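# Observations on the three-dimensional arrangement
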Amino acid sequence: MVSRKNEKALKNIPTVLVIFGVTGDLTAKKIAPALFSLFRQGDLPEMFHLVGFSRRSLTAPEFRQYITGVLAKQKDFDADECAKFCGAISYQRGTFENAGDYRALREELKRVDDRWGVCSNKLFYLAVPPEYYEGIFKELKTSGLTKTCSNEEGWTRVLVEKPFGENLATAQRLDELLGEFFQESQIYRIDHYLGKEMAQSILTFRFANNLAEKSWSNECVESINIRLWENLGVEHRGSFYDGVGALRDVGQNHLLQLLALVTMEHPGSLASDAIRARRAEVLQMLIPPDAREVRTAALRAQYSGYQGITGVRKSSETETYFKVRAFLDSPRWRGVPITLESGKRLGEVKKEVEIIFKHPDPCFCPPHDAAQYKNRVVIALEPKEGFSVEFWSKKPGLKFDMQREVFDALRENPNRRQYVEEYKKLLWDAFAGDQTLFASTAEVRAMWRFVDPIINAWKANAVPLASYKPDTAEALLAAAKVNWYAPCHNSGSATARKSRRNLARNKRSLKHR
Ligand code: BG6
């Protein structure tokens with residue numbers, strides 16, 4: 001992660017960010033507000049320039065006006081600051097497949113470099129649907145835009161968004177394609193959950209304290225629940241969402257990244273490679289569910305009214321809610337059920353990781369209801385951020401009765417703006433060349449390996465698609481009736497054996513690091 005020393009150096013790195021598809025939603029909602037916020041905090045490199053690339057016919061002043069309009073929607077907009085920020089912005093009209101437009105882009109980048117008298121570092125952000133990736137990569141390469149000036153200066157990097165592929169096969173193809181043009185160290189795969197303060201705090205909670213880490217295993221942990229419950233629906237994103245569904249939208253990436261952070265082994269250091277390798281290692285231990293496991297522990301549902309949203313197919317079978325169970329084939333976590341649950345319009349916002357500890361045995365608690373005496377640690381992302389720890393103490397009085405106590409360090413975040421804090425952090429790290437908070441190819445593949453069998457079984461209708469009333473807890477209550485704590489069926493299966501082999505291979509490669 002970017003250290004204070006790197007932070008200073010970052011200010012002196014001349015950086016040009018090129019955004020392909022700049023007039024789309026991604027720039028308006030995430031990238032532009034994040035960049036503007038970094039600018040206002042004084043956290044952009046002193047020499048920073050943004051080039052927007054899109055097929056829209058705009059002049060540079062019109063583009064600046066467009067960006068101003070986008071930023072004016074932000075709560076704390078400041079017109080003077082915005083005018084200053086727009087001083088570092090230019091525009092290149094072009095289509096993604098036209099070589100001439102890339103030559104013009106190269107000229108534009110050269111003008112910026114000549115003005116500064118340096119060879120700047122260049123970042124290419126693909127804010128476009130994945131079907132355009134191939135054309136853009138090819139043109140970037142043939143136009144010479146990806147060439148560095150020398151080994152010391154003018155690096156080039158590429159930023160791509162999730163979902164990275166639609167399944168393992170397409171993710172692999174995308175990787176092969178990227179591999180033709182870029183090295184892994186140049187590729188920044190965004191998962192904004194990795195940029196969340198609380199996601200990063202998981203590692204501090206675990207590895208900067210000696211409080212819970214010793215009991216952080218199947219010896220003491222009974223189950224883990226990872227939740228991303230939303231109030232929001234799919235409005236305005238119908239056609240994108242309908243082709244993706246909840247599991248691919250947030251399960252394959254965000255929830256599994258939280259799982260990785262909660263269950264990974266100690267990385268030994270804060271080095272980017274070490275952390276990414278540990279995340280990948282534990283994700284490779286996910287046991288891909290077999291048909292029986294999917295039938296019993298992979299629920300899906302859709303809220304009523306969803307099919308009426310613009311862009312959604314009238315007979316759509318896309319899930320807007322899921323709850324699935326995962327097991328890890330690792331000595332530390334074998335047998336501990338981990339549920340991943342998310343949905344739209346669930347009537348409540350709750351984003352958290354809950355770790356439930358086993359009831360102590362023997363226990364200093366009344367025998368008749370002893371089973372309830374469990375500790376709980378909650379790592380909360382929303383609505384409040386922070387940690388809470390539940391434990392039992394003696395109730396004051398003559399008798400030896402128990403009472404539940406909660407220690408919590410939870411804070412409100414009234415200034416939360418969806419995506420902005422995370423994108424600020426991710427852009428900042430990408431400028432600095434720190435890949436810690438970006439998913440590696442090994443992680444992406446491991447996540448698809450777990451999710452693919454579920455999606456395939458759902459497609460084959462192995463699990464009926466339930467319906468729930470939007471803005472109620474109906475889906476959550478129905479799912480709560482399932483026994484999520486039953487043992488895993490397939491820990492002895494071929495897939496589990498394969499995941500054990502992966503584990504051994506990873507351990508060997510970690511030793512050689
Ligand atoms: C995005 C999904 O990646 O994450 C959205 O595409 C989802 O559907 C969002 O709403 C949730 O992110 P956050 O930061 O609001 O929890």
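Residues numbered from 1 in each chain as written. Predicted model: local features only at pLDDT ≥ 70, side-chain atom pairs only at ≥ 80, totals over all residues. Heavy atoms only, no water.

## Description of the pattern of salt bridges
Going through the model one piece at a time under the given rule, you end up with 39 salt bridges. A salt bridge links Arg445 to Asp175, with the nearest nitrogen and oxygen atoms 3.5 Å apart. Of this pair, Arg445 sits in helix 14 (residues 441–459) while Asp175 sits in helix 7 (residues 168–181), placing them 270 residues apart in sequence. The partly exposed category is assigned to Arg445, whose relative accessible area is 24%. Judged by relative accessible area, Asp175 falls into the buried class, the value being 8%. In this structure, Arg334 engages Asp329 in a salt bridge whose closest nitrogen and oxygen atoms are separated by 3.2 Å. For Arg334, a relative accessible area of 39% puts it in the partly exposed group. (Salt bridge = Lys/Arg side-chain N within 4 Å of Asp/Glu carboxyl O. Helix = DSSP H or I, 4+ residues; strand = E, 2+ residues; numbered from the N terminus. Buried < 20%, exposed > 50% of the residue type's maximum accessible area, 1.4 Å probe, protein only.)

## So, the pairing of strand 1 (residues 15–20)
Summarising burial for strand 1: six of the six residues are buried, a large majority. Side-chain alternation along strand 1 places Thr15, Leu17 and Ile19 on one buried face and Val16, Val18 and Phe20 on a second face that is also buried. Bridge count for strand 1 against strand 4 (residues 121–126) is six bridges, and the pairing is parallel. From the neighbouring strand, Leu17 faces strand 4, where its bridge partner is Leu123. Sheet topology places strand 1 next to strand 2 (residues 48–54); six bridges connect them, and they run parallel. In the sheet register, Thr15 faces strand 2, and the bridge partner there is Phe48. (Pairing = 2+ DSSP bridges.)

## Here we look at helix 2 (residues 25–41)
In this model, helix 2 (17 residues) spans 24 Å end to end at C-alpha, consistent with the 24 Å of a helix rising 1.5 Å per residue. The sharpest bend along helix 2 comes to roughly 40 degrees, located at Ile31, with the proline Pro33 sitting one to four residues further on. Residues Leu26, Thr27, Lys30, Ile31, Ala32, Pro33, Ala34, Leu35, Phe36, Ser37 and Leu38 constitute the buried set of helix 2. Buried residues in helix 2 make contact with strand 1, strand 2, helix 3 (60–71), helix 4 (79–86), strand 4 and helix 13 (420–432). Residue Gly42 follows helix 2 closely and has a positive phi angle near 75 degrees. (Expected span 1.5 Å × (residues − 1). Bend = angle between axes of the 7 residues up to and from the residue. Contact = heavy atoms within 4.5 Å.)

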